[in-house]
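# A look at the structure
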Amino acid sequence: MKLQQTPSLATTRREVLAGAVGAVAAMLLSKGALAAEFHRFTHGAFDITVVSDGFLTLPAEVLLPDADPEQRKDFLSRLGGDASGARVQANVPLIRHGSDLILIDNGAGDNFQPSCGRLAENLKTIGVDPASITKVIFTHAHPDHSGATTTADGKLLYPNAQYYVSEAEWSFWTDPKFEEKQPAALHGFAKGAQRDLFAVKDRLTMVKPGSEILPGILAVETRGHTPGHISLHLAGDGGLLIGGDACTSDITFFEHPEWHFGFDTEPEIALKNRAMLLDRAASEKIKLLGYHWTYPGVGFVERKNAGYRFVAA
Ligand SMILES: [Zn+2]
């Protein structure tokens, strides 16, 4: 894809970004574009294309809070970043199943960093009209996952889609007492989540972990990154787990599954569920798809030393 710089977005509606993150993003923007073609594969009855929403740039303290200085330097270099931070991809699965065209998350729209929010435009390049999307399933309601629900003028970007989110995710972000109960660092995220979830309130289905959301698509409990985060298990071909942000790096957290990620709301539960996901995927040889992994983020988990290694499919 072509990397289009949109400087106007850098200074508008950046509710959730700390200044430091923005500075890192601006600095790394010039370093190049993403995959020229989108990865497509079939899985059981599903035809899946991993469409890029672009990339985000995260500071070292979010990516690697538990690494010592030496490890931090090593991982940042392997992540293709520099001392201040590194880029992570935003891989959105587009799933064709029967007459449905399903998105798992809808990307950032113009509500996060200017290097992401490319999904609708990239769908058009592969001949998919946003109006033809029939369903959007949210893994969680962070701005890089649900931020493209509406356009800047409040219109639905995917006007014909039905939406799905976990009941716990809805309850957490839409709590009228959110600001009293939760730390200030989360208030911007809550405003974004409320904007996105309320916009589709009349077409939103609440789901529970363990339930089948659509035929062959099961919600899997992976709370921790957010209190209502879910992953999705797709039936067929040995299984496919679409992990959302249950594991945010195919490099760092495969090698150090015990390390925290700076944006996890319930850090210890996040670690427990990430460990469960990786252990299950390794034991049962289930294919994984990771939202922020090296594009296209599709592969298997093998045990290595005290952690794992990622094996691209
Ligand atoms: Zn994310």
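Higher on the page you've got the structure.
Residues numbered from 1 in each chain as written. Predicted model: local features only at pLDDT ≥ 70, side-chain atom pairs only at ≥ 80, totals over all residues. Heavy atoms only, no water.

In the first shell of the zinc ion, the protein supplies Asp144 (OD), His145 (NE2), Asp245 (OD) and His292 (NE2), at 2.1 to 2.2 Å from the metal. One can describe the site at the zinc ion as irregular: its 4 donor atoms subtend angles covering 86 to 165 degrees at the metal. One chain supplies every donor for the zinc ion, spaced along it as D-H-x99-D-x46-H. Taken together, the residues span a long stretch of sequence, with His145 in helix H6 (residues 143-146) and His292 in the loop between strand S12 (287-289) and strand S13 (298-304) at a distance of 147 residues. As far as burial versus exposure is concerned, His145 and His292 are alike and both buried. (Donors = N, O, S within 2.8 Å, 3.2 Å for Na, K, Ca; no water. Tetrahedral: all angles 85-135°; square planar, octahedral: opposite > 155°, others 65-115°. Helix = DSSP H or I, 4+ residues; strand = E, 2+ residues; numbered from the N terminus. Buried < 20%, exposed > 50% of the residue type's maximum accessible area, 1.4 Å probe, protein only.)

A word on the pattern of salt bridges. Tallied over the full model, the rule gives 13 salt bridges. With its nearest N and O atoms 3.3 Å apart, the salt bridge here joins Arg78 to Asp74. Remark: Asp74 and Arg78 occur in helix H4 (residues 69-78); sequence separation between them is 4 residues, near one turn of the helix. A relative accessible area of 36% places Asp74 in the partly exposed class. Salt-bridge contacts for Asp196 lead to Arg195; the nearest nitrogen and oxygen are separated by 2.9 Å. Through salt bridges that share partners, Asp74, Arg78 and Glu255 make up one connected network. (Salt bridge = Lys/Arg side-chain N within 4 Å of Asp/Glu carboxyl O.)

Below, the discussion takes up helix H7 (residues 167-174). Considered for burial, the residues of H7 that qualify are Glu169, Trp170, Phe172, Trp173 and Thr174. The inward-facing, buried residues of H7 abut strand S6 (162-166), helix H8 (178-181), helix H9 (187-199) and strand S7 (204-207). (Contact = heavy atoms within 4.5 Å.)

So, about H9. Compared with an ideal rise of 1.5 Å per residue, which puts 13 residues at 18 Å, H9 spans 18 Å between its outermost C-alpha atoms and is within 8% of the ideal. Turning to H9, its buried residues number three or more, namely His187, Gly188, Phe189, Ala190, Gly192, Ala193, Arg195, Asp196 and Leu197. On its buried face, H9 sits against H6, S6, H7, H8 and S7. (Expected span 1.5 Å × (residues − 1).)

A separate point is the sheet that holds strand S14 (residues 307-312). In space, the 7 strands of this open sheet follow the order S8-S9-S10-S11-S12-S13-S14, with mixed pairing throughout. Bordering the open sheet on either side are strand S8 (212-214) and S14, each of which pairs with just one other strand. Strand-to-strand twist of the sheet, defined as the mean angle between neighbouring strand axes without regard to direction, takes the value 35 degrees. As defined by bridge partners, strand S11 (residues 240-242) adjoins S12 across 3 bridges and the pair is classed as parallel. In the strand pairing of S12, Leu240 is matched with Lys287. The strands that helix H11 (residues 267-284) touches are strand S9 (217-221), strand S10 (230-234), S11, S12, S13 and S14; relative to S13, the one it contacts most, it runs at about 95 degrees. (Pairing = 2+ DSSP bridges. Axes fitted to C-alpha atoms, helices over the stretch in contact; angles between N-to-C directions.)

The next subject is the sheet that holds strand S3 (residues 85-97). Think of a sheet as strands paired side by side through backbone hydrogen bonds, with each pair either parallel or antiparallel. Taken together, the 7 strands give an open sheet; going across it, the order is S1-S2-S3-S4-S5-S6-S7, and neighbouring strands pair in mixed fashion. Strands at the two margins of the open sheet, each flanked by one partner only, are strand S1 (39-43) and S7. On average, each strand axis in the sheet is inclined to that of its neighbour by 25 degrees, with strand direction left out of account. Sheet topology note: the strand S2 (residues 46-59)/S3 ladder contains 11 bridges and is antiparallel. Along S3, the bridge assignment pairs Ile48 with Ile95. Against the sheet, H7 contacts S6 and S7, and its axis sits at roughly 80 degrees relative to S6.

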